[in-house]
Amino acid sequence: MESETEKAELTGLVFDIKRFAIHDGPGIRTTVFLKGCPLHCAWCHNPESIRHNPEISFIPDKCLGCGYCVEVCPQKAHKIVDGKHLYDRALCRQCGLCTEKCYAQALEVAGKTMSVSEVIGEVMKDKPFYDTSGGGMTLSGGEPMSQFKFTKALLQAGKDNGLHNCLDTSGLAPYKQFGEILDLVDLFHYDYKETDPEIHKKFTGVDNKLILENLKKLDRAGKKSILRCPIIPGCNDRPDHLKAIADLANSLDNVLEINIQPYHPLGKDKHQRFGSDQSFGSDSFADAEQIEEWIKTVQANTKVEVKKG
């Protein structure tokens, strides 16, 4: 059994800590984003969250051509040719040396190893705001359950410090792990992406069987949840799926609300920054009338409150 000191010194890979978050659970919160995700959603707007290792973000238009990265890169992954910065990701080992003095922030590392005590130290800076607003700490990602030991230790540290804990999850993890954190999570933000298991697999890489099983087990265990439902035009904005969202909520005893999360194209630029490609989806935001129609369709079939998330 791990001692309290060992728990505090557990480390994980964090790609962002967002303070004063007001859309990640009740009240004012600090959201900790952990790297690693077992899903590969075609519409993902946080591509830096998927892989389990640090990654380099590169924005060519920000480069000043100073040549610092060329000098320090041990793999010779950077070159300046005819005034143009060329970055060969195949050579890169993500050591991050090139980012240390990139003052223009053309090169940045996504993914920092942090201990439990370091993360909680950052989170606790805003404790007075949590106390007055009913807020607390939210763990997000990626998928926090993909760093289970670290996630469990963070949740325990949050409870030890009197925090309200919220967990954003896709639900894709062994239920045994969820069982170990039942008393540490006050609210689950639970993704429900697609009703049809084959379509779910097509767009995320896995079917939804385990995801739904875990949600129902958490509900039977009395855990409060909010269904978070990304709606992507041309993929899952079908009437049958929208009605199925309501049907799922109606089958649960402890769901507090449904959040409809409209697709947005902002992830496309991020994919380019991290050397991946997202050809899925349009370049346009869903219009307000379309979003309102989605919400009305779901709300017409359930008494659970439906909101734009």
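Before any of the text, the structure's been laid out above.
Residues numbered from 1 in each chain as written. Predicted model: local features only at pLDDT ≥ 70, side-chain atom pairs only at ≥ 80, totals over all residues. Heavy atoms only, no water.

K.L.:
How would you summarise the overall build of the protein chain if you had to cite specific residues and measurements?
P.N.:
Per the secondary structure count, the protein chain includes 11 helices and 13 strands. By the compact-globule yardstick of 19 Å for 309 residues, the protein chain fits well, its C-alpha radius of gyration being 21 Å. Residue burial in the protein chain is summarised as follows: out of 309 residues, 48% are buried. Contacts in the protein chain between residues far apart in sequence, at least 24 positions, make up 68% of those at least 6 positions apart. With the model as given, the accessible surface of the protein chain reaches about 15100 Å², and the carbon-plus-sulfur share is 51%. (Helix = DSSP H or I, 4+ residues; strand = E, 2+ residues; numbered from the N terminus. Rg over C-alpha atoms; globule rule 2.2 N^0.38 Å. Buried < 20%, exposed > 50% of the residue type's maximum accessible area, 1.4 Å probe, protein only. Contact = heavy atoms within 4.5 Å. Areas by Shrake-Rupley, 256 points an atom, 1.4 Å probe, with all protein chains shown as cover.)

K.L.:
Tell me about the packing of helix α3 (residues 116-123) against helix α5 (residues 148-160), and name the residues and values.
P.N.:
One can describe the packing of α3 onto α5 by two numbers: an axis separation of 10 Å at closest approach and a directional angle of 45°. With respect to α5, the axis of α3 lies oblique. In this structure, α3 crosses over α5, and the sense of that crossing is right-handed. Contacts between α3 and α5 involve Val116, Val119 and Ile120 on the former and, on the latter, Phe150, Ala153, Leu154, Ala157 and Gly158. For the contact of α3 with α5, the residue count by class is seven nonpolar, one polar and no charged. (Axes fitted to C-alpha atoms, helices over the stretch in contact; angles between N-to-C directions. Parallel < 35°, antiparallel > 145°, perpendicular 65-115°, else oblique. Left-handed = near helix turned anticlockwise from the far one by under 90°. Nonpolar A, V, L, I, M, F, W, Y, C, P; charged D, E, K, R; others polar.)

K.L.:
Account for helix α7 (residues 197-204), naming residues and giving values.
P.N.:
Every α-helix carries 3.6 residues per turn, so stepping three or four residues along brings you back to the same face. Of all the positions in α7, only His200, Phe203 and Thr204 are classed as buried. Down the axis of α7, the sector holding all buried residues measures 85°, keeping them to one side. Summarising the geometry of α7, the exposed residues directed more than 90 degrees from the buried face are Glu198 and Lys202. Buried residues in α7 make contact with α8 (209-220). N-cap assignment for α7: the residue whose side-chain oxygen lies 2.8 Å from the backbone N of Glu198 is Asp196. The first or second residue beyond α7 is Gly205, which carries a positive phi of 95°. (Arc of directions from axis to C-beta. Polar contact = N/O pair within 3.5 Å; in protein donor to acceptor, adjacent residues only side chain to side chain.)

K.L.:
Outline the side chain of Glu257, listing residues and values.
P.N.:
The residue Glu257 is located in strand β12 (residues 255-262) in this model. Given a relative accessible area of 15%, Glu257 falls into the buried group. If we skip the residues at most four places from it in the chain, Glu257 touches Ser225, Ile226, Leu227, Val304, Glu305 and Lys307.

K.L.:
Can you tell me about a nonpolar patch on the surface, naming the residues and giving the values?
P.N.:
On the surface, a nonpolar cluster with roughly 300 Å² of combined accessible area is contributed by Phe20, Ile22 and Phe129. Looking at where Ile22 falls in the secondary structure, it is placed in the loop between β1 (11-21) and β2 (29-34). (Patch = residues over 30% accessible without salt bridge, like charges linked within 9 Å, V, L, I, M, F, W, Y side chains within 5 Å. Salt bridge = Lys/Arg side-chain N within 4 Å of Asp/Glu carboxyl O.)

K.L.:
Which residues make up the nonpolar core, and what are the values?
P.N.:
If you look at the biggest cluster of nonpolar residues, it comprises 64 residues, and the most contacted ones within it are Ile181, Leu227, Ile245, Ile258 and Ile260. With residues up to four places along the chain from it excluded, the contact list for Ile181 reads Met145, Phe148, Lys152, Leu155 and Leu167. (Core = buried A, V, L, I, M, F, W, Y, C linked by side-chain atoms within 4.5 Å.)

K.L.:
I'd love a proper account of the side chain of Glu55, names of residues and values included.
P.N.:
Its location among the elements puts Glu55 in strand β3 (residues 55-58). With a relative accessible area of 6%, Glu55 lands in the buried category. There is a polar contact of 2.6 Å between the side chain of Glu55 and the side chain of Arg51. Those residues within four positions of Glu55 in sequence are excluded, and the remaining contacts are Lys35, Pro47, Glu48, Gln94, Glu108, Val109, Ala110 and Phe274.

K.L.:
I'd love a proper account of α8, names of residues and values included.
P.N.:
Over its 12 residues, α8 runs 17 Å from end to end, which matches the ideal 16 Å to within 8%, given 1.5 Å per residue. If you check which residues of α8 are buried, you get Ile211, Leu212, Asn214, Leu215, Leu218 and Asp219. All buried residues of α8 lie within an arc of 160° about the axis, which places them on one face of the element. α8 presents Lys209 and Arg220 as exposed residues on the side facing more than 90 degrees away from its buried surface. Among the structural elements, α6 (175-180), β10 (187-191), α7, β11 (225-231), α9 (239-250) and β12 are those in contact with the buried residues of α8. (Expected span 1.5 Å × (residues − 1).)

K.L.:
Which residues make up the pairing of β11, and what are the values?
P.N.:
With respect to burial, β11 is a largely interior element, seven of its seven residues being buried. Neither face of β11 is left uncovered, since the one carrying Ser225, Leu227, Cys229 and Ile231 and the one carrying Ile226, Arg228 and Pro230 both have all their residues buried. Two strands pair when backbone bridges link them, and β10 and β11 are joined in this way by four bridges, in the parallel orientation. Within β11, the position partnered with Phe188 by the bridge is Ser225. Looking at chain direction, β11 and β12 are connected through seven bridges and run parallel. Considered in β12, the bridge of Cys229 is made with Ile260. The parallel pair β11 and β12 is bridged by α9, and the resulting crossover is right-handed. (Pairing = 2+ DSSP bridges. Right-handed = clockwise from strand over helix to strand, strands pointing away.)

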